[in-house]
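The lines below spell out each chain.
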Amino acid sequence: MVAGAYRSVQTRIAELAVGADPSTRVPACPEWDIRQLVAHLTGLAEDVAEGNLRGYGGEPWTARQVESRSNRDIDILLLEWADHTSELDTILEHPHSAGMGDSFDSAVAGTQPIATLPGAVLGDAVIHEHDLRGALGNADARNSAELIGALDGMIRGIRRGFPRAGVPTLRVVATDVGMEWLMGLDAPKAELRATAYELFRSVSGRRTKAEIADLTWEGDPKPFLDHLVWPFFSVPTESLAEA
């Protein structure tokens, strides 16, 4: 299931990237252009396929993926990414039986259970699909099955940190897809309502605190604004001004 979803996202990204100017800057990743974004996705696939997980998601780990491919055209990068994807299938479906160990060390999220690796890989791809769409002014696929699945996994991951951080319980409702999550162990103190896409961009570090606070809330949003982003990302200080 995860492997198929990842391939679907990869296909959409490839279709977008092939017809784009590779030097187009990506506002959500301001240090990258489209070619560098694809280089990161390609390098991440290689690192996961080869078990190079130490420092997962950290700046040096990610920078090496991009810098080592600095002279490769986007067509070559896409072919390389496709080759590594064929090696990922077993890892994305059965990370334990693929010999990946019981955990992996993320530079930004700490030690993570290996069972969370497939969701992290898929989530990264979906996030960057929409970063790419944002760079191209393309608003398609905002309710894709892959986005909904990634959102569900990311919110579940964020939810695990709520009790440890002493955050009150929050109900989160995706208004357009009929899904909701209870973030905590007791009765909710507030409720956040938004489309699945806006929730997804919020929890993936693509919305400022002010933008998240401007979503539809019942109750005070302030206790939650520092705790609603997936551990691999942070809250930005400047708006992407996405339509």
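A brief look at the structure comes next. (Residues numbered from 1 in each chain as written. Predicted model: local features only at pLDDT ≥ 70, side-chain atom pairs only at ≥ 80, totals over all residues. Heavy atoms only, no water.)

**Details of the sheet that holds strand 5 (residues 190-194)**
Taken together, the four strands give an open sheet; going across it, the order is 4-3-5-6, and neighbouring strands pair in mixed fashion. The two strands at the open ends of the sheet, each matched to only one other strand, are strand 4 (179-183) and strand 6 (216-218). If you compare each strand with its neighbour and ignore which way they point, the axes differ by 15° on average. Across the face of the sheet, helix 6 (residues 145-159) comes into contact with strand 3 (170-174) and strand 4 while running at roughly 10° to strand 4. (Pairing = 2+ DSSP bridges. Helix = DSSP H or I, 4+ residues; strand = E, 2+ residues; numbered from the N terminus. Axes fitted to C-alpha atoms, helices over the stretch in contact; angles between N-to-C directions. Contact = heavy atoms within 4.5 Å.)

**What to know about the nonpolar core**
Tyr6, Val48, Tyr56, Leu117, Leu170 and Trp217 are the most contacted members of the largest nonpolar core, which totals 72 residues. With nine residues, helix 5 (residues 117-136) is the largest single contributor of residues to this core. (Core = buried A, V, L, I, M, F, W, Y, C linked by side-chain atoms within 4.5 Å. Buried < 20%, exposed > 50% of the residue type's maximum accessible area, 1.4 Å probe, protein only.)

**Side note on helix 3 (residues 59-67)**
Within helix 3, burial applies to Trp61, Thr62, Gln65 and Val66. The buried residues of helix 3 occupy one face: seen down the axis, they fall within an arc of 130°. With respect to the buried face of helix 3, the exposed residues turned more than 90 degrees away are Glu59, Pro60 and Glu67. Elements that come into contact with the buried residues of helix 3 comprise helix 2 (34-49). (Arc of directions from axis to C-beta.)

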